[in-house]
Amino acid sequence: MKTLVPPGVYAPQEDTDLLVGALWDEPLPDGAAVLDVGTGSGALAIEAARRGTRVTAVDVSWRAVCAARLNARLARLPVHIRHGNLFGPVRGQSFDLILANPPYVPTPESDRAPHGAARSWDAGLDGRLVLDRICREAPALLRPGGVLLVVHSALSCPDRTLAHLRGAGLKASVTRRRVIPFGPVLRSREGWLRERNLVAAADPREELVVVRAEVPV
């Protein structure tokens, strides 16, 4: 089924596909509780629902919430989609799996809050504006044996993600990688990224990673 993506909502891309692959690697039982945080068009939430899980999806954008609800309805899959900022709408709940494809692109305009479609990718000077919150807050929502799968760019320091999650007592590692050409956003920032020594001048490519973190039983 083709996902409907209105203007201003993040369209499924390479990072989505990478995380979908990691999702299907997980041995989830029927009825497992899954949270897709920052759901966008709902693509990840719908993939999780195809596995017979109980899916809750959250997004801060009302436009994304409406798009995800429509896509879930068209797929004829039950997804509980809520409006709110990250984990705010699900405080007090717990999950077997949390999926996250957050904003992770470093931006030179870090003194201004992103707006419109840019909220889907702009993430502060180091690209970790939302990633660090996920690392701090997600472990408390995972059940024993529960798993967090988060995708982001190598430009946003995967080692820092691993260190945060291991510091919270989780077993964390990078389980998937993919190198892709720069998209339009990174191409527009290529000079700035080179100035910060984040990319090589002759190789404008980006590595995407999936970090898997599990709560010990």
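To be clear, the structure that these remarks concern was listed above.
These figures come from a predicted structure and were not determined experimentally.

(A) Focus on unusual backbone geometry. The backbone of Leu86 shows a phi angle near 50°, a positive value even though the residue is not glycine. Position of Leu86 relative to the elements: it lies in the loop between β3 (79-83) and β4 (95-100). The phi dihedral of Cys157 is positive, around 65°, even though this residue is not glycine. Relative to the helices and strands, Cys157 is located in the loop between β5 (142-153) and α5 (158-167).

(B) Representation of the sheet that holds strand β1 (residues 33-37). Taken together, the seven strands give an open sheet; going across it, the order is β3-β2-β1-β4-β5-β7-β6, and neighbouring strands pair in mixed fashion. The outermost strands of the open sheet, each flanked by one partner alone, are β3 and β6 (171-181). Adjacent strand axes in the sheet meet at a mean angle of 15° when their direction is disregarded. The pairing of strand β2 (residues 54-59) with β3 spans five bridges and is parallel. Along β3, the bridge assignment pairs Val55 with Val79. Helix-sheet contacts for helix α3 (residues 62-75) involve β2 and β3, and the interaxial angle to β3 is about 170°.

Reading guide: rules and limits
- Residues numbered from 1 in each chain as written.
- Predicted model: local features only at pLDDT ≥ 70, side-chain atom pairs only at ≥ 80, totals over all residues.
- Heavy atoms only, no water.
- Helix = DSSP H or I, 4+ residues; strand = E, 2+ residues; numbered from the N terminus.
- Pairing = 2+ DSSP bridges.
- Axes fitted to C-alpha atoms, helices over the stretch in contact; angles between N-to-C directions.
- Contact = heavy atoms within 4.5 Å.

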